[in-house]
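In case you want the letters, here they are:
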Amino acid sequence: VSLHSDSGVRCDSLKELASVSTDVTFAQEFISRNGHLLLVKIVEDSKDNVIMTHTLTGFMELMDHGIVSWENLSSVFIKKIASFVNAKPTDASIQQVSLDILESMVLSSYGLFLQVKQEVTMERLIAHLQVTNQQIQTKAMALLMALLQTAGDSDRQFAVVCECDETNTLTLLKKRVYLLQNIIHSSGSVQDEMAHYLYVLQSVTLNHLEPRMRTSLDCYSQEQREILHGLRQAAFETESENSLSHERRRSLCAKEFKKLGFSNNSNPGQDLVRTPPGLLALDTMFYFASRYPDAYSRFVLENSSREDKHECPFARSSIQLTLILCEILRIGEPPSETRSDYHPIFFSQDRLLEELFCICIQLLNKTWKEMRATQEDFDKVMQVVREQITRTLSSKPTSLELFKNKVNALNYSEILKLRQTERLHQEETLAPPVLELKERLKPELLELIRQQRLNRLCQGTMFKKISSRRRQDKLWYCRLSPNHKMLHYGDVEEDTDNPPIETLQKKIPVADIKGLLTGKDCAHMKENKGKQNKEVLDLAFSITYDVEEYSLNFIAPSRTDVSPFCLWTDGLSVLLGREMSSESMRSELEILLSMEIKLRLLDLENVPIPDSAPTVPKPPSNYNFCYDFSQTELECN
């Protein structure tokens, strides 16, 4: 390519160069002949947009091989590339590759970072985030993150919070609003690369809280002591402390700090020595007390009026909650090169941690009451609150109001339901193939329960007779014959245990039994209508026999783990050819199914079970490959 060749030829040559520059062998040869310097010269001198696009693309492909250093580039070249970025939107392809080149410069050395930062205006980068072209948005975001991550602490303040007071540019909050409106809330979905840059911006910004998180409270700091006492004074309306003696004032302060939930009420600063969360816990408590004074006072006074063991300690809870929020938001962790799990809510709030704390400390108090917790349950409550916050943030709320509504709707009972469902899914008991296997196993297990019920009827049960005067008198015993054809029953003495079937003189053929009645439908319950309590009604059952003219009435012994009422009603239902319907039967069936499923799936541990069976392949066109045993046997003979 000659600088003085025909423009059409140069354009075609540079287009071909951009294509072949991806090959490392070509790149090495081209650079060894100083071809890259020729491209730099074309960029510095040319004003043709078409040629410029191909030149910059070829240059970027060559530099990507890492054969030559970025630091050898002239300031004229850097200014020319920056001018493409700073210019009003013209050719998107030129701006896209220019942003790419500047990002590589920034990441290659701190010297180039300083030059690029000086040449590129933050206002234009923000403008690039507002365009509809997703590639331009992504490249602009990539350059912004490169500037942010390469900056030192002082420069980072410049890049994140605001550019400089003299330039009167946008604050971070306004930048976040641009990102929220033009990228996160745009009609298209956020691409993986952009999601990663949003995560990096979130991570770097939140990490400005790390110094406070890593710093313990200084008990000798007048400012920090005043904040602590400010928390106490905001919660309790006390008499003028100046008129009190030193001992009286000290005793009053200790008492009020204890009500606030500090474990070391004589020296509450000791509670904030642990890092993390360090001073960040003091900051969040003070923010809550000053921003939402009514909610703060209500929290403290409500708990100070409870019994000591049921009191939710504000200070202890706040310190632990701040730590949980730091862990969830990953404050103090350097940005990962692979993560992309940003929180949209971050881009709608200037002080995300503090605002989340204000919502979640009130949520903690609500959850504490729902769990009827005591001091011993503190860790359990904090686990539930962590789960409430994590689950809500995973739904990607875009505003604080939405987060607040969702997290408050996720109460303790909902958490328990979700845990139960997830446990079942984890055990794969809800997978379609497992549910189908359950249905196939049910008949066999139901037959097992039927046999158990009939065996229990054969063993028999002792019942009490209740007279019309509700006076308990004689006992009687009833049992099923071993061949399941007769019900034998008769009066027995109190000390009789499992009487032989021959001693029970009365009997009813099972074939004559016409029906089974329970509760208020029984004849002996109707006779005393309105006089029987609910417990007796729940234990009453009758069988009718001989064309329903006669009935044998039972009042089962009081309910136990396996109620005789359930055993007998199930057993009699089996004898009558009906379905068993007792609570005990359903519970036992579920236990047996669960055990059987676990045994069947034992060899499939950690093997994912597909939702549907694999498709069966079509039959072959012929079966000539089948082995003919008969022919082989004939040949052998």
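Residues numbered from 1 in each chain as written. Predicted model: local features only at pLDDT ≥ 70, side-chain atom pairs only at ≥ 80, totals over all residues. Heavy atoms only, no water.

## Some points on the overall build of the protein
Summing up its helical and strand segments, the protein has 28 helices and seven strands in all. Looking at the 637 residues of the protein, the share that counts as buried comes to 44%. Put simply, 65% of the contacts in the protein that link residues at least 6 apart link residues at least 24 apart. Carbon and sulfur atoms make up 50% of the accessible area of the protein, which totals about 35200 Å². (Helix = DSSP H or I, 4+ residues; strand = E, 2+ residues; numbered from the N terminus. Buried < 20%, exposed > 50% of the residue type's maximum accessible area, 1.4 Å probe, protein only. Contact = heavy atoms within 4.5 Å. Areas by Shrake-Rupley, 256 points an atom, 1.4 Å probe, with all protein chains shown as cover.)

## Digging into the environment of lysine 406
Secondary-structure assignment places lysine 406 in helix H21 (residues 400-409). Sequence separation between lysine 406 and isoleucine 389 is 17 residues; the distance between their C-alpha atoms is 9.5 Å. Other than its neighbours up to four places away in sequence, lysine 406 contacts Thr392 and Ser395.

## Here's the deal with unusual backbone geometry
Residue proline 276 follows threonine 275 across a cis peptide bond; omega there is -20 degrees. Tracing the sequence through the fold places proline 276 in the loop between helix H15 (246-260) and helix H16 (279-291). In this structure, asparagine 34 is a non-glycine residue whose phi angle is positive, near 60 degrees. Within the secondary structure, asparagine 34 is located in the loop between helix H2 (24-32) and helix H3 (35-45). For asparagine 34, a relative accessible area of 45% corresponds to the partly exposed category. With phi around 50 degrees, arginine 372 is a residue other than glycine that occupies positive phi space.

## Digging into the pairing of strand E3 (residues 486-492)
Taking burial as the measure, the seven residues of E3 include five buried ones, the bulk of the element. As defined by bridge partners, E3 adjoins strand E4 (residues 506-509) across four bridges and the pair is classed as antiparallel. Looking across to E4, one finds that methionine 486 is bridged to proline 509. (Pairing = 2+ DSSP bridges.)

## Quick word on the confidence of the model for the protein
Across the protein, pLDDT averages 84, with 86% of residues at or above 70. Note that residues 156-174 has pLDDT below 50 and, in this model, 35 contacts with residues that lie over four places away or in other chains. (pLDDT = per-residue confidence, 0-100.)

## Some details on the nonpolar core
One recurring pattern in soluble globular proteins: nonpolar side chains tend to sit buried together. Counting 126 residues, the largest nonpolar core has Met105 and Leu260 as its most contacted members. By residue number, the principal contributor to this core is helix H19 (residues 352-370), which donates eleven residues. When neighbours within four sequence positions are excluded, leucine 260 is seen to be in contact with Leu231, Arg232, Ala235, Phe236, Tyr296, Val300, Pro313, Phe314 and Ala315. (Core = buried A, V, L, I, M, F, W, Y, C linked by side-chain atoms within 4.5 Å.)

## A closer look at the packing of aromatic side chains
Counted according to the given criterion, the structure contains 24 aromatic pairs. Plain terms: the ring middles of tyrosine 296 and phenylalanine 314 are 5.2 Å apart, the flat faces sit at 70 degrees to each other, and that makes the pair edge-to-face. One end of the pair, tyrosine 296, is in helix H17 (residues 293-304); the other, phenylalanine 314, is in helix H18 (residues 314-328), with 18 residues separating them in the sequence. Taken individually, tyrosine 296 and phenylalanine 314 each receive the classification buried, so the pair is uniform in this respect. Ring centres of phenylalanine 463 and phenylalanine 554 lie 5.0 Å apart, and the angle between their planes is 75 degrees; this geometry places the pair in the edge-to-face category. One end of the pair, phenylalanine 463, is in strand E1 (residues 461-466); the other, phenylalanine 554, is in strand E7 (residues 550-555), and 91 residues separate them in sequence. For the pair phenylalanine 463 and phenylalanine 554, a shared accessibility class is recorded, and that class is buried. (Phe/Tyr/Trp six-rings, centres within 6.5 Å; stacked < 30°, edge-to-face > 60°.)

## Some points on the sheet that holds strand E5 (residues 513-518)
Hydrogen bonds along the backbone pair up the strands of a sheet, which may run parallel or antiparallel. Taken together, the three strands give an open sheet; going across it, the order is E5-E6-E7, and neighbouring strands pair in antiparallel fashion. Sheet topology places E5 and E7 at the edges, where each strand pairs with a single neighbour. The sheet shows a mean angle of 20 degrees between the axes of neighbouring strands, direction not considered. With five bridges connecting them, E5 and strand E6 (residues 540-545) associate as antiparallel partners. The residue bridging leucine 517 from the neighbouring strand is serine 542, located in E6. On the sheet, helix H26 (residues 564-575) packs against E5, E6 and E7 and is oriented at approximately 25 degrees with respect to E6. (Axes fitted to C-alpha atoms, helices over the stretch in contact; angles between N-to-C directions.)

## Looking at helix H27 (residues 583-600)
With 18 residues, H27 ought to run about 26 Å at 1.5 Å a step, and its terminal C-alpha atoms sit 26 Å apart, in line with that. Residues Ser584, Met585, Leu589, Leu593 and Ile597 constitute the buried set of H27. Looking at the buried residues of H27, the elements they touch are helix H23 (432-459) and H26. (Expected span 1.5 Å × (residues − 1).)

## Let's talk about helix H12 (residues 192-206)
Because each turn of an α-helix spans 3.6 residues, side chains separated by three or four positions end up pointing in the same direction. A rise of 1.5 Å per residue sets the reference length of H12, with its 15 residues, at 21 Å; its end C-alpha atoms lie 21 Å apart and thus fit the reference within 8%. Of all 15 residues that make up H12, 13 are buried, and the element is covered over most of its length.

## Thoughts on the pairing of E6
For E6, the buried fraction is high: six of the six residues fall into the buried class. Residue alternation in E6 divides its side chains into two sets, Ala540, Ser542 and Thr544 and Phe541, Ile543 and Tyr545, and both sets are buried. Bridge analysis of E6 against E7 gives six bridges, and the strand direction is antiparallel. Paired with phenylalanine 541 across the bridge in E7 is phenylalanine 554.

## Quick look at the packing of helix H14 (residues 222-235) against H16
Viewed as axis vectors pointing N to C, H14 and H16 meet at an angle of 45 degrees, and their least axial separation amounts to 10 Å. When the interaxial angle is binned, H14 and H16 end up oblique. In the packing of H14 onto H16, the handedness of the crossing is left-handed. Note on element contacts: H16 touches H14 through Leu279, Leu282, Met285, Phe286 and Ala289, opposite Gln224, Ile227, Leu228 and Leu231. (Parallel < 35°, antiparallel > 145°, perpendicular 65-115°, else oblique. Left-handed = near helix turned anticlockwise from the far one by under 90°.)

## Some remarks on the pattern of salt bridges
Once the charged atoms of two side chains with opposite charge are near each other, the side chains can pair. Here the structure, examined in full by the defined rule, presents 23 salt bridges. Put simply, glutamate 256 and arginine 232 hold a salt bridge, and the shortest N to O gap is 2.7 Å. Linking glutamate 256 in helix H15 with arginine 232 in helix H14, this pair joins segments that are 24 residues apart in sequence. We note that glutamate 256, like arginine 232, is buried. Taking the shortest distance from any N to any O, the salt bridge between glutamate 447 and arginine 450 comes out at 3.0 Å. Taken together, the residues span about one helical turn, with glutamate 447 and arginine 450 both in helix H23 at a distance of three residues. Residue class for glutamate 447 comes out partly exposed when judged on its relative accessible area of 36%. The structure contains a network of salt bridges with shared partners spanning Glu387, Arg391 and Arg419. (Salt bridge = Lys/Arg side-chain N within 4 Å of Asp/Glu carboxyl O.)

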